[in-house]
2 protein chains.
Amino acid sequence: MKAYIEENKDRFLQELLELLRIPSVSADLSFKGDVMRAAEFLREKLEAAGADNAQLFKTAGNPIVYADKIIDPALPTVLVYGHYDVQPADPYELWNSPPFEPVIKDEKIYARGACDDKGQTYMHVKAFETMMQQQALPCNVKFMIEGEEEVGSVNLATFVKENKERLKADIIVISDTGMLANDVPSVTTGLRGLSYHEVEVTGPNRDLHSGLYGGAVANPINILCKMIASLHDENNHITIPGFYDNVEELSQEERAEMARAPFSLDAYKIALDLPDVHGEAGYSTMERNSIRPTLDVNGIWGGYTGEGAKTVIPSKAFAKISMRLVPHQTSEEISALFQKHFESIAPASVKVVVKPHHGGEPVVTPTTSAGYQAAARAMEDTFGKKPVPVRSGGSIPIVAMFKSVLETDTVLMGFGLDSDAIHSPNEHFGVFNFMKGIETIPLFYQHFAQLHGKS
Amino acid sequence: MKAYIEENKDRFLQELLELLRIPSVSADLSFKGDVMRAAEFLREKLEAAGADNAQLFKTAGNPIVYADKIIDPALPTVLVYGHYDVQPADPYELWNSPPFEPVIKDEKIYARGACDDKGQTYMHVKAFETMMQQQALPCNVKFMIEGEEEVGSVNLATFVKENKERLKADIIVISDTGMLANDVPSVTTGLRGLSYHEVEVTGPNRDLHSGLYGGAVANPINILCKMIASLHDENNHITIPGFYDNVEELSQEERAEMARAPFSLDAYKIALDLPDVHGEAGYSTMERNSIRPTLDVNGIWGGYTGEGAKTVIPSKAFAKISMRLVPHQTSEEISALFQKHFESIAPASVKVVVKPHHGGEPVVTPTTSAGYQAAARAMEDTFGKKPVPVRSGGSIPIVAMFKSVLETDTVLMGFGLDSDAIHSPNEHFGVFNFMKGIETIPLFYQHFAQLHGKS
């Protein structure tokens, strides 16, 4: 198979660039048509690779690309999940090349979605093509590729509930996470959950002159800042009552195990040009961004933000505030606590509206499962060393949903790197990583087919 | 003269609308051409009204319109100051009619600049025309109308210093303030100063995924909010060390005198739809917005502010922060204190840049001066009652500059109302107020010519 992959490397890359040229931004409705084009592109490629039942399933939002290949109902089945939608690309001016005009430079593919998740999804499509061409598909496979992951997979749960039989599988594999380094392969064993809100603070009913009214009326920006500031104490603990009640506390052994993963604080600070790190007292940087819950303002706006100076007290100020959750916290519980608390800390001089966006649940994957073991062995085959199990700070809310609705475990076998700048300007994906993925996935299938039922 | 003003009312209004159609926004360089058109418009109208030496004086920024009429060097001279530039009009969507397509509705002129300050400046042009037409100019007059007041009159001081002789006068009159009500005439006897800054907080060197990095790196929005929140204590006192050191404390008598000015807290709250007022403990609303210094955020921005949800930790967050100053505080001193303090409260995990914008000094006009007395008598003639002396919370920084450079006092005889929504959407100016101004100004000239030298 390796030979086939090498021979077709250039074509695989060209096809990915074609997919990356489609600006399928799900957060912005003006890209709706491009979102549809990206879905149709994947449907065609799956069909061309030899999949059956390749089709687009309508949802209340963007369609879900489905395809499968059932070679023998007696054999185990792998369900591949990915997403073809991407994050908004702004701020555009910070990109060295346009986000939707992909370029390969220094062996890296630069484009919005290069890694998250078009690049990693397309590895599976090309790995499938390879297995088909080499008559080497060792089990059944199903594909479910959605177009709303970056806006909270709002319609996926409905689709999954309505298609339990169609989606029946023995393992779900997702490549939407990263590895520690190209020479330190790893498999993600945990994900944080998410609770996302938009808040609006209203003071006076119109923008006011800050000279004539300043000091006498509540300035919604000042108030919003005070409210946000109060959400963390001096130790950077989150002050929302009950927020930590259900937080999973790791044992000293588990924390010691985590601490063994290779990590250089200096390299981390240099890579991000940080004068210093910043976070919850009593926890390491690796712990802060993986096993601890967080609260971050993702956006804030209000008043005059143009050129020059305008002496105004705005009528309204806004912020987007999200919390990352850890095992045993639920987004429903935390969203309720946040809303109640945020409304309770508003002074009498303003009106506050809290609008919940999507949420997602945290998950942990046991390293003893057949899925994890198959991924670990496949990576050991291709990287020449055992991968490290790693808790990621990111969220893939649907993993918990798959477990509860389909009763199927998920293995998170990702090939990206933290430095790929996903969700940022100049997102990229290594050609090495893309090819390693295509090479590793068929081996995962083989190991899983052998291990399944034995573990 | 009253007859002449009545006969020409419609033409006066049409000419003002013509001026209001020119979007002379000084804060935004894309309006540069319109700014020039507004200046030329006023120059022509002054010349047409009979002024001599009507010309535009070049500055490093927008030109200054100058004109004069010297009927007898032995007579006193009035210097009229006004400005033809306007505030930015955004948010456009909140205007009931386009800001630069003026309409007269319910006896009010709606447009950006209708009151501040095109409407009030144009009263002086038409009052001058009236006195000339009626051979009733009782003294000499000079006009100085600038185009950068809304961006801090950055080039006016240089012009004034270089033209001391040309601008020599016995009193400066400015109509860029308001009255308490149409049936409660008032003259402004005090103004607050201004210290305006833009701050930039930088965390990581690029936008980051809030899942992979959240909790481990400083989020510049959260940090900026914490820094801004710390600028006020629980009593809404400003916490900048030394901020209050030079603040003029009024005597109980002065505060009691102020408290006699007609004011309804309920009406105030209803007009602004405020659940409650908000401000410094121990002071009334009227005191908070006039004799007390303030700190307001005029704008804030950072991160993702578009549609939907983006889970990002931005690299940078920004705010525009201004302080209103009271007598004995200087903008230079306060700007230095603010910059030093704001930099000192930044945590080690971020970089902070404080960029000072323009400043201005507070002033108080003695009610005993000939200028104040002339304004008071003129208003009593036209309104039928003595005007109330009022401290305004606004800033006209150049008043202090005129005093120090030209050694000339200023009288602030304004005809606007607080409800005119200057600097806000749907700014307007009453036709009643516009006409009353044209009627009152010639009487001010007469009283001043008589009182001058006597007081």
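Residues numbered from 1 in each chain as written. Chains lettered and ligands numbered in written order. Predicted model: local features only at pLDDT ≥ 70, side-chain atom pairs only at ≥ 80, totals over all residues. Heavy atoms only, no water.

Chemist: Account for the overall build of chain A, naming residues and giving values.
Modeler: Within chain A, the secondary structure is distributed over 14 helices and 20 strands. Here the C-alpha coordinates of chain A stretch approximately 80 × 50 × 45 Å along the principal axes. Going through the 455 residues of chain A one by one, you find that 63% of them count as buried. Taking all contacts inside chain A whose residues are at least 6 apart in sequence as the whole, residues at least 24 apart take part in 79%. For chain A, the exposed surface amounts to about 16400 Å²; the carbon and sulfur share of it is 51%. Both charge centroids of chain A, one from 42 positive and one from 61 negative side chains, sit 2 Å from each other. (Helix = DSSP H or I, 4+ residues; strand = E, 2+ residues; numbered from the N terminus. Buried < 20%, exposed > 50% of the residue type's maximum accessible area, 1.4 Å probe, protein only. Contact = heavy atoms within 4.5 Å. Areas by Shrake-Rupley, 256 points an atom, 1.4 Å probe, with all protein chains shown as cover. Lys, Arg positive; Asp, Glu negative; His and termini not counted. Charge placed at Lys NZ, Arg CZ, Asp CG, Glu CD.)

Chemist: Kindly report on the pairing of strand β9 (residues 186–191) of chain A, identifying the contributing residues and their values.
Modeler: All names here are of chain A. Within β9, 6 of the 6 residues are buried, which leaves the element mostly enclosed by the surrounding structure. One ladder, built from 4 bridges, connects β9 with strand β17 (residues 388–391); its direction is parallel. Residue pairing across strands places G190 opposite R391, the latter belonging to β17. (Pairing = 2+ DSSP bridges.)

Chemist: Help me get a handle on the pattern of salt bridges, residues and values and all.
Modeler: Evaluation of the coordinates by the stated rule reveals 42 salt bridges over all chains. In this structure, A:E257 and A:R260 form a salt bridge, with 2.9 Å as the shortest nitrogen-oxygen distance. Classification of A:E257 by relative accessible area gives partly exposed; the value is 41%. Judged by relative accessible area, which is 60%, A:R260 ranks as exposed. The salt bridge involving B:R43 is made with B:E40; its shortest N-O contact spans 3.1 Å. Taken together, the residues span about one helical turn, with B:R43 and B:E40 both in helix α3 (residues 32–49) at a distance of 3 residues. By relative accessible area, B:E40 is classed as partly exposed at 26%. (Salt bridge = Lys/Arg side-chain N within 4 Å of Asp/Glu carboxyl O.)

Chemist: Describe the interface of chain B and chain A, listing the residues and the values that go with them.
Modeler: The figure often quoted for interface size is the accessible area lost as the parts come together. Between chain B and chain A, the residue contacts involve 91 residues of the former and 91 residues of the latter. Carbon and sulfur atoms make up 53% of the area that chain B and chain A hide from each other, which totals about 7800 Å². Interface area lost by chain B to chain A is led by B:L212, B:H278 and B:K310, which between them contribute 8%. Across the contact surface, chain B and chain A share 2 salt bridges. In this structure, the salt-bridge partner of A:D273 is B:K351, at a minimum N-O distance of 3.6 Å. For the pair chain B and chain A, the number of links is 48 residue pairs in polar contact (both at pLDDT 80 or more). Ranked by residue count, the leading element in the side of chain B that touches chain A is strand β12 (residues 294–303) of chain B, at 10 residues. Here the side of chain B that touches chain A is composed, by residue class, of 38 nonpolar, 34 polar and 19 charged. Note that strand β12 (residues 294–303) of chain A and β12(B) share 5 bridges and pair antiparallel. Residue pairing for β12(B): A:W301 is matched across the bridge by B:W301. (Buried area = accessible area lost by both parts, 1.4 Å probe. Polar contact = N/O pair within 3.5 Å; in protein donor to acceptor, adjacent residues only side chain to side chain. Nonpolar A, V, L, I, M, F, W, Y, C, P; charged D, E, K, R; others polar.)

Chemist: Which residues make up the environment of B:H428, and what are the values?
Modeler: Topologically, B:H428 is positioned in strand β20 (residues 428–430). Of note is the side chain of B:H428, whose polar atom sits 3.0 Å from the backbone oxygen of B:N426.

Chemist: Can you lay out the side chain of B:E146 for me, pointing to particular residues and giving the numbers?
Modeler: Residues and elements named next belong to chain B. Within the element layout of this structure, E146 appears in strand β6 (residues 140–146). Buried E146, no salt bridge; nearest opposite-charge side chain is K32, N-O distance 11 Å. Reaching out from E146, the side chain makes a polar contact with the side chain of S153 at a distance of 2.5 Å. Apart from the residues within four sequence positions on either side, E146 is in contact with P63, I64, Y81, G82, H83, Y84, D85, S153 and L156.

Chemist: With reference to specific residues and values, describe the domain arrangement of chain A.
Modeler: Residues and elements named next belong to chain A. Segmenting chain A into domains produces domain 1 (1–191 + 362–453) and domain 2 (193–247 + 293–360). A separation of 35 Å is found between the C-alpha centroids of domain 1 and domain 2. Facing 10 residues of domain 1, the contacting portion of domain 2 comprises 11 residues. Interface area lost by domain 1 to domain 2 is led by P362, S395 and P397, which between them contribute 62%. Our count for the domain 1 to domain 2 interface comes out at 0 salt bridges. For the interface between domain 1 and domain 2, the tally reads 2 residue pairs in polar contact (both at pLDDT 80 or more). (Domains from an automatic or database assignment.)

Chemist: Report on the sheet that holds strand β5 (residues 108–110) of chain B, specifying residues and quantitative values.
Modeler: Residue and element names in this part refer to chain B. Read from one edge to the other, the open sheet built from 3 strands follows the order β4-β5-β20, with strand pairing classed as antiparallel. Each of the sheet's edge strands pairs with one partner strand only, and the pair in question is β4 (103–105) and β20. Looking at each pair of strands side by side, their axes are set apart by 25 degrees on average, direction ignored. As defined by bridge partners, β4 adjoins β5 across 3 bridges and the pair is classed as antiparallel. When the sheet's bridge partners are listed, K105 is paired in β5 with K108. Running over the sheet, helix α14 (residues 431–451) touches β4, β5 and β20 and is turned about 60 degrees from β20. (Axes fitted to C-alpha atoms, helices over the stretch in contact; angles between N-to-C directions.)

Chemist: Now, about the relation of the copies chain B and chain A: what can you tell me, with residues and values included?
Modeler: Aligned on chain A, chain B shows an RMSD of 0.0 Å; the corresponding rotation is 180 degrees and the shift along the axis is 0.0 Å. Such a turn and shift between the copies fits a two-fold axis. The share of interface residues of chain B whose copies in chain A are also at the interface is 100%, consistent with both copies meeting through the same surface. (Least-squares fit on C-alpha atoms with pLDDT ≥ 70 in both.)

Chemist: I'd like a description of the sheet that holds strand β14 (residues 316–325) of chain B, backed by residues and values.
Modeler: Taken in spatial order, the 8 strands line up as β15(A)-β10(A)-β14(A)-β12(A)-β12(B)-β14(B)-β10(B)-β15(B) in an open sheet, and their pairing is antiparallel. The sheet terminates laterally at β15 (351–360) of chain A together with β15 (351–360) of chain B, the two strands that pair on one side only. Direction aside, neighbouring strands of the sheet carry axes that sit 20 degrees apart on average. Bridging between strand β10 (residues 193–202) of chain B and β14(B) involves 10 bridges; their strand directions are antiparallel. What sits directly across from B:Y196, in β14(B), is B:S322.

Chemist: Outline the UniProt feature "domain: Peptidase M20 dimerisation" (unreviewed entry) in chain A, supporting the account with residue identities and numerical values.
Modeler: When the UniProt feature table is mapped onto this chain numbering, "domain: Peptidase M20 dimerisation" (unreviewed entry) sits at residues 198–347 of chain A. Taken end to end, residues 198–347 of chain A comprises 32% helix and 19% strand; its first and last C-alpha atoms sit 18 Å apart. (UniProt positions renumbered as here; feature names shortened; annotations may be inferred.)

Chemist: Which residues make up unusual backbone geometry, and what values do they have?
Modeler: Of note, the bond from A:D116 into A:D117 is cis; its omega dihedral lies within 30 degrees of zero at 0 degrees. Looking at where A:D117 falls in the secondary structure, it is placed in the loop between β5 (108–110) and α4 (118–133). Here B:D90 and B:P91 are connected by a cis peptide whose omega angle stands at 0 degrees. Relative to the assigned elements, B:P91 resides in the loop between β3 (77–83) and β4. One non-glycine residue, A:D106, lies in positive phi territory at about 50 degrees. Under the relative-accessibility criterion, A:D106 is labelled exposed at 58%.

Chemist: Which residues make up the pairing of β6(B), and what values do they have?
Modeler: All names here are of chain B. Taking burial as the measure, the 7 residues of β6 include 7 buried ones, the bulk of the element. Residues of β6 alternate between two faces, with N140, K142, M144 and E146 on one and V141, F143 and I145 on the opposite face, all of them buried. Pairing geometry for strand β2 (residues 64–69) and β6, over 5 bridges, is antiparallel. Pairing of V65 across the sheet is with I145, part of β6.

Chemist: Hey, could you go over the packing of α4(A) against helix α14 (residues 431–451) of chain A for me, with residue numbers and the actual values?
Modeler: Residues and elements named next belong to chain A. At a minimum axis separation of 8 Å, α4 and α14 run at an interaxial angle of 55 degrees. Taken together, the axes of α4 and α14 lie oblique to each other. As α4 packs across α14, the resulting crossing turns out to be right-handed. Two secondary-structure elements touch here, α4 through G119, Y122, M123, H124, K126, A127, T130 and M131 and α14 through N433, F434, G437, I438, I441, P442 and Y445. Partitioning the contact of α4 with α14 into residue classes produces 9 nonpolar, 5 polar and 1 charged. (Parallel < 35°, antiparallel > 145°, perpendicular 65-115°, else oblique. Left-handed = near helix turned anticlockwise from the far one by under 90°.)

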